[in-house]
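An overview of the molecular structure
Single-letter residue listing:
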Amino acid sequence: AQTVTQSQPEMSVQEAETVTLSCTYDTSESDYYLFWYKQPPSRQMILVIRQEAYKQQNATENRFSVNFQKAAKSFSLKISDSQLGDAAMYFCAYRSPRLPTGANSKLTFGKGITLSVRP
Amino acid sequence: EPEVTQTPSHQVTQMGQEVILRCVPISNHLYFYWYRQILGQKVEFLVSFYNNEISEKSEIFDDQFSVERPDGSNFTLKIRSTKLEDSAMYFCASSEFFGAFFGQGTRLTVV
C-alpha cells in the first residue's frame, strides 16, 4: 500500500517570504499523481496544485510550485511571497493510476502540516 | 465556478440513530468519493463510486455505511446506528480525471 509522510507538523513563515513544505511517499508504482491540498480554518479542502508522475516538469500555479523528485519519492510545495491568507493546514496526497474498472482510485493523504504566516 | 455542495453543514444526532449526508457533485464529473476527518487527524478515504456502483472502499466502510446516487445528481452517504466514534467531518468529493474537488464538509456530532 502507498503511504504519504509529512514529517513536519508545523511551520512558520514571515509574510512576503518563501516557505517550502516537505512530503515524501512510498510506492512501487511507476505512474501516479500527486497533489497538495489546503485546509483553512473553515475546514474546506482546496486543491492547490497537482503533478503527474510521468511529467518531468514541475507544476506551478501562480505563487505555488512543486519540486518533484521521482527517484527520491519527494514532492515538496514552495509558496512564494507568502500571504496571511496562506495560513492553513496543508495536505500532501497520492493517487494511483486508474483501477481495472476504469474508475479513478482513491487519494491517500499525509497527516498534514500547519502553516502559520507572521505579519 | 462549479463546486461540490454538501448538506447539512452540521448535524447532531443521538447515538444509534441513522443519518444521511447529502452531496451534489460537479455536474460533468464521473467519479464520486466520501472521505472523513476526525478532528485533528488526517483525511481518511471511505468509498468511491463510479458508473453507478462502488469502485473502491476502505476497511472503515463496513455494513454500517452505504452510498447511493438516487437521481443522477445527488450522492448520499447513509450511516446506520451511529456511534460516538463516527463523530467527524465528512467530505464529499468528485473528479473528472485528475485531482478531486471537495465540498465544504458536513460536521457530524454523535451524542
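Residues numbered from 1 in each chain as written. Chains lettered and ligands numbered in written order. Predicted model: local features only at pLDDT ≥ 70, side-chain atom pairs only at ≥ 80, totals over all residues. Heavy atoms only, no water.

Side note on the overall build of chain A
- What chain A contains, in helices and strands, is zero helices and 12 strands.
- The C-alpha radius of gyration computed for chain A amounts to 14 Å, which stays within 12% of the reference 14 Å derived for 119 residues, consistent with globular compactness.
- Oriented by its inertia axes, the alpha-carbon framework of chain A measures out at about 50 × 30 × 25 Å.
- A burial count over chain A gives 47% of its 119 residues as buried.
- In chain A, of all internal contacts separated by at least 6 residues, the share reaching a separation of at least 24 is 57%.
- For chain A, the computed accessible surface area is about 5,800 Å², with 47% contributed by carbon and sulfur atoms.
- Between the centroid of the 13 positive side chains of chain A and the centroid of its 10 negative side chains there is a distance of 6 Å. (Helix = DSSP H or I, 4+ residues; strand = E, 2+ residues; numbered from the N terminus. Rg over C-alpha atoms; globule rule 2.2 N^0.38 Å. Buried < 20%, exposed > 50% of the residue type's maximum accessible area, 1.4 Å probe, protein only. Contact = heavy atoms within 4.5 Å. Areas by Shrake-Rupley, 256 points an atom, 1.4 Å probe, with all protein chains shown as cover. Lys, Arg positive; Asp, Glu negative; His and termini not counted. Charge placed at Lys NZ, Arg CZ, Asp CG, Glu CD.)

Things to note about unusual backbone geometry
- Here the bond from Thr7 of chain B into Pro8 of chain B is cis, since omega is -10°, no more than 30 degrees from zero.
- Positionally, Pro8 of chain B belongs in the loop between strand 1 (5-7) and strand 2 (10-13).
- Its identity is not glycine, yet Asn62 of chain A carries a phi of approximately 55°, on the positive side.
- One can find Asn62 of chain A in the loop between strand 7 (60-61) and strand 8 (64-69).
- Note on Asn62 of chain A: relative accessible area 80%, which makes it exposed.
- Positive phi values are uncommon outside glycine, yet Ser81 of chain B reaches one of about 45°.
- Looking at the element boundaries, Ser81 of chain B is found in the loop between strand 8 (75-79) and strand 9 (88-95).

Quick look at the pattern of salt bridges
Residue and element names in this part refer to chain A.
- With the rule as written, the count across this model stands at five salt bridges over all chains.
- Between Lys55 and Glu52 there is a salt bridge, with the nearest N and O atoms lying 3.6 Å from each other.
- Using a relative accessible area of 38% as the deciding quantity, one classes Lys55 as partly exposed.
- Here Glu52 falls in the buried class, since its relative accessible area comes to 10%. (Salt bridge = Lys/Arg side-chain N within 4 Å of Asp/Glu carboxyl O.)

A few points about the environment of Glu3 of chain B
Residue and element names in this part refer to chain B.
- On the secondary structure map, Glu3 appears in the segment before strand 1.
- Residues Glu3 and Ser94 lie 91 residues apart in sequence; the distance between their C-alpha atoms is 9.3 Å.
- With near-sequence residues (within four places) excluded, Glu3 lies in contact with Val24 and Ile26.

Side note on the side chain of Thr76 of chain B
All names here are of chain B.
- When you line up the elements, Thr76 lands in strand 8.
- Judged by relative accessible area, Thr76 falls into the buried class, the value being 7%.
- Ignoring sequence-local partners within four residues, the contact set of Thr76 consists of Ile20, Leu21, Arg22, Trp34, Ser66, Val67 and Glu68.

Section: the pairing of strand 5 (residues 33-39) of chain A
Residue and element names in this part refer to chain A.
- When you tally the buried positions in strand 5, you get seven out of seven residues, the bulk of the element.
- The side-chain alternation of strand 5 yields two buried faces, one formed by Tyr33, Phe35, Tyr37 and Gln39 and the other by Leu34, Trp36 and Lys38.
- Bridge count for strand 5 against strand 6 (residues 46-52) is six bridges, and the pairing is antiparallel. Along strand 6, the bridge assignment pairs Trp36 with Ile49.
- Hairpin connection from strand 5 to strand 6: six residues lie between these consecutive antiparallel strands, with Arg43 at a positive phi of about 75°.
- The pairing of strand 5 with strand 10 (residues 88-95) spans seven bridges and is antiparallel. Directly across from Trp36, in strand 10, lies its bridge partner Cys92. (Pairing = 2+ DSSP bridges.)

Considering the pairing of strand 10 of chain A
Residues and elements named next belong to chain A.
- Counting buried residues in strand 10 gives seven out of eight residues, a clear majority hidden from the surface.
- Across three bridges, strand 10 lies against strand 12 (residues 113-118) in antiparallel orientation. The partner of Ala88 across the bridge, within strand 12, is Leu115.
- Both strand 10 and strand 11 (residues 107-109) contribute to a ladder of three bridges, which runs antiparallel. Considered in strand 11, the bridge of Arg95 is made with Leu107.

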